[in-house]
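Descriptive analysis of the structure
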Amino acid sequence: MNTQSSETLEKIRQQFENSPYPRTPLDHSPKNDKNFNQLFLHNLATPYYLRNQQVIQTEGKVILDAGCGSGYKSLVLAEANPGAKIVGIDLSEQSVKLAQERLHHHGFGDNTEFHTLLIEDLPKLGLEFDYISCDEVLYLLPDPAAGLASLKSVLKPTGIIRSNLHNYLQRQGYFRAQEVFRLMGLTEDNPGELEVGLVVETMKALKDQVQLRTIAWRPDYEEREQTILMNFLLQSDKGYGIPELFEALRTADLEFISMLNWRQWELNDLFKNPDDLPAFLAMSLPEASVEERLHLFNLIHPVHRLIDFWCGHPEQATSAQPVATWSQKDWLNARVHLHPQLKQPKVKETLIRCANEQKPFEISQYIPIPTVSPVFAESDIAACCLLPLWEDSQPIGALVERWLKLRPYDLITLELTSKATAFEQVRQLLSKLEVFLYILVEQIS
């Protein structure tokens, strides 16, 4: 590491020593959040199914939180992956101490360990990981590809990495503000209370119509010291685009799996009528690569602060046909699982109440991240098909038989419901929910 990199690294370390991130209260649990988005995204079952169309159990898995900070994401990983061993590393000793305290407070101390360690020194742990979360770190490194390569060096062959980069298009205002405050000398040393105060004073002094103020400032920032430090005074913050992400993956010899919030990167959703695109786009988009589609989305609609992605070793994905293309034979040779993060008492209680009151069941209220609009299901068939999944996965045939017992007659014609009709009704519901990963369907080998 050259002197400049060492100096930059020391500035970053000192900033997080003095202001560990995030400042989430010690007793706050992700289980108490309004929805289960964080737990859904950080359950290994989610990216594993996206990649392999198979269900994985988290018991005994080894998970790394690379750049664990004060340990809130480590807690999310522990809650989302029951029985997994959680290992956290960070360059800040103070952050590591806080992370250890947090996990012990929530009862995970026996199956966790934390180390003050750089990402490049990960091989010193002598561990290999099934899942690596490297959140809000990669864009601070001098070379993101080198960081990814270090993570890859301790990743099991079928393991998955989650990481992210700051989106230079969405963050332009903050990068400009950072340059302003660099020129003012506010980032020469470790920023503290004085520097935060000067940022607030400067931004408040600008006229309301000044562009930097309109795009990078909100009145509530005045009372949010951490927001100032992490956006206006963050050491070594850099922005990237989709081409830079894919180039880093190629350099590190890693394979792109998916964006974390993959449904919010859908290019067709940007057009008024996706079925009637301009001629050039209608011809070219079907042939566009994933990289090209994501890049075009970001150029047209750069709303995401993070380019947040999953990746892994090349050519490790299991070959599987998309569920949308399955034949009846394929369906009859499959088992249906409820996503682990939906196996919550309040979800079950709501489903039963909706069924009793004959109201549609809004399943997306608990995990909205894979959707762009609310997802409803008729409560009677949803209860019939989903309630057994709280206990264990089920073959689709068992769900069809259950539905036939509940609805033996067609409510309109009063004729007996055929097994073929019942199968189609169950299949339609499961297909609808599988798109959002609310249920997971895998072929029985």
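The coordinates are above.
Please read these numbers as outputs of a predicted model, since none were measured by experiment.

1. Considering the overall build of the protein
Of the regular secondary structure elements, the protein holds 18 helices and 13 strands. Scaling as 2.2 N^0.38, a compact globule of 445 residues should have a C-alpha radius of gyration of about 22 Å, and the protein matches this with 24 Å. Dimensions along the principal axes, computed over C-alpha positions, put the protein at roughly 80 × 55 × 45 Å. In the protein, of all internal contacts separated by at least 6 residues, the share reaching a separation of at least 24 is 77%. Carbon together with sulfur atoms contributes 50% to the accessible area of the protein, which is approximately 21500 Å² in total. Each charge class in the protein can be summarised by its mean position, and for the 42 positive and 59 negative side chains these summaries are 4 Å apart.

2. With respect to the nonpolar core
Formed by 137 residues in total, the largest nonpolar core has its most connected members in Phe232, Met259 and Leu386. The residues contacting Met259, other than those within four sequence positions of it, are Ile242, Leu245, Trp265, Leu294, Ile307, Asp308, Phe309 and Trp310.

3. Things to note about the pattern of salt bridges
Scanning the model with the defined rule gives 28 salt bridges in all. With its nearest N and O atoms 3.1 Å apart, the salt bridge here joins Asp130 to Lys156. In this pair, Asp130 is assigned in strand 4 (residues 129–134) and Lys156 in strand 5 (residues 155–167), connecting sequence segments 26 residues apart. Taking the relative accessible area as the measure of exposure, Asp130 reaches 10% and is therefore buried. Of the charged contacts, one joins Arg182 and Glu179 as a salt bridge, the two residues approaching to 2.7 Å between their closest N and O atoms.

4. What about helix 16 (residues 379–386)?
The buried fraction of helix 16 is high, at seven of eight residues. Looking only at helix 16, the buried set comprises Ser379, Ile381, Ala382, Ala383, Cys384, Cys385 and Leu386.

5. Let's talk about the layout of surface pockets
The calculated volume of the second largest pocket comes to roughly 720 Å³. Leu50, Ile257, Ser258, Trp262 and Glu266 are the residues nearest the centre of the second largest pocket, which is lined by 26 residues in total. Elements that contribute at least two residues to the lining of the second largest pocket include exactly helix 3 (45–52), strand 7 (255–259) and helix 13 (290–300).

6. What to know about the packing of aromatic side chains
Evaluated as defined, the whole model comprises eleven aromatic pairs. These aromatic residues form a ring-pair network of at least three members: Tyr174, Phe181, Trp217, Tyr221 and Phe232.

7. Some points on the sheet that holds strand 12 (residues 394–395)
Read across the open sheet, the three strands follow the order 12-9-13; overall the sheet is antiparallel. The open sheet terminates on both sides in strands that have one partner only, identified here as strand 12 and strand 13 (439–443). In this sheet, strand 12 lies alongside strand 9 (residues 334–338) in antiparallel orientation, the contact comprising two bridges. Note on strand 12: the bridge partner recorded for Val336 is Gln394.

8. As for the environment of Val347
Relative to the helices and strands, Val347 resides in helix 15 (residues 345–357). C-alpha of Val347 to C-alpha of Gln365: the two residues are 18 residues apart in sequence and 9.5 Å apart in space. In this structure, Val347 is in contact with Phe36, Leu342, Phe361, Tyr366 and Trp390, ignoring residues within four places of it in sequence.

9. Here we look at the environment of Asp135
Considering the arrangement of structural elements, one finds Asp135 in the loop between strand 4 and helix 6 (144–152). Sequence separation between Asp135 and Arg353 is 218 residues, and the spatial gap between their C-alpha atoms is 38 Å. Beyond its immediate chain neighbours, meaning those up to four positions away, Asp135 contacts Ala66, Gly67, Lys73, Arg162 and Asn164. Within the local environment of Asp135, its side chain forms a polar contact with the side chain of Lys73, the two groups lying 2.4 Å apart. Polar side-chain contacts of Asp135 include one of 2.7 Å to the side chain of Asn164.

10. Description of the state of the cysteines
In this structure the tally under the stated criterion is zero disulfides. Here Cys385 is not cross-linked by a disulfide; its sulfur's nearest cysteine counterpart is in Cys384, at 4.8 Å. Judged by its relative accessible area of 0%, Cys385 falls in the buried class.

11. Here's the deal with unusual backbone geometry
Residues Tyr21 and Pro22 are joined by a peptide bond in cis, for which omega reads -5 degrees. Within the secondary structure layout, Pro22 lies in the loop between helix 1 (3–18) and helix 2 (37–42). Positive phi, close to 55 degrees, is recorded for Gln53, a residue that is not glycine. Gln53 gets classed as buried once you look at its relative accessible area, which sits at 14%. Even without a glycine there, the phi angle at Leu437 is positive, about 65 degrees. Leu437 gets classed as buried once you look at its relative accessible area, which sits at 3%.

12. Comments concerning the packing of helix 11 (residues 242–252) against helix 13
In the contact formed by helix 11 and helix 13, the axes pass within 9 Å of each other and the chain directions differ by 150 degrees. Classified by the angle between their axes, helix 11 and helix 13 sit roughly antiparallel to one another. Residues Ile242, Pro243, Phe246 and Arg250 of helix 11 lie in contact with helix 13, whose contacting residues are Val290, Glu291, Leu294, His295 and Asn298. Taken together, the residues of the contact of helix 11 with helix 13 sort by class into five nonpolar, two polar and two charged.

13. Some points on the side chain of Asp90
Here Asp90 shows up in strand 2 (residues 85–90). At 2.9 Å, the side chain of Asp90 and the backbone nitrogen of Ser92 are in polar contact. Look past the residues within four positions of Asp90 in its chain and what remains in contact with it is Gly67, Cys68, Gly69, Ser95, Val96, His115, Thr116 and Leu117.

Calculation notes
- Residues numbered from 1 in each chain as written.
- Predicted model: local features only at pLDDT ≥ 70, side-chain atom pairs only at ≥ 80, totals over all residues.
- Heavy atoms only, no water.
- Helix = DSSP H or I, 4+ residues; strand = E, 2+ residues; numbered from the N terminus.
- Rg over C-alpha atoms; globule rule 2.2 N^0.38 Å.
- Contact = heavy atoms within 4.5 Å.
- Areas by Shrake-Rupley, 256 points an atom, 1.4 Å probe, with all protein chains shown as cover.
- Lys, Arg positive; Asp, Glu negative; His and termini not counted.
- Charge placed at Lys NZ, Arg CZ, Asp CG, Glu CD.
- Core = buried A, V, L, I, M, F, W, Y, C linked by side-chain atoms within 4.5 Å.
- Buried < 20%, exposed > 50% of the residue type's maximum accessible area, 1.4 Å probe, protein only.
- Salt bridge = Lys/Arg side-chain N within 4 Å of Asp/Glu carboxyl O.
- 1 Å grid on protein atoms, 1.4 Å probe; cavity = no way out; pocket = protein on both sides within 12 Å on 5 of 7 lines; lining within 4 Å.
- Points joined across faces, edges and corners; volume = space filled by probe spheres on them.
- Phe/Tyr/Trp six-rings, centres within 6.5 Å; stacked < 30°, edge-to-face > 60°.
- Pairing = 2+ DSSP bridges.
- Polar contact = N/O pair within 3.5 Å; in protein donor to acceptor, adjacent residues only side chain to side chain.
- Disulfide = S-S within 2.5 Å.
- Axes fitted to C-alpha atoms, helices over the stretch in contact; angles between N-to-C directions.
- Parallel < 35°, antiparallel > 145°, perpendicular 65-115°, else oblique.
- Nonpolar A, V, L, I, M, F, W, Y, C, P; charged D, E, K, R; others polar.

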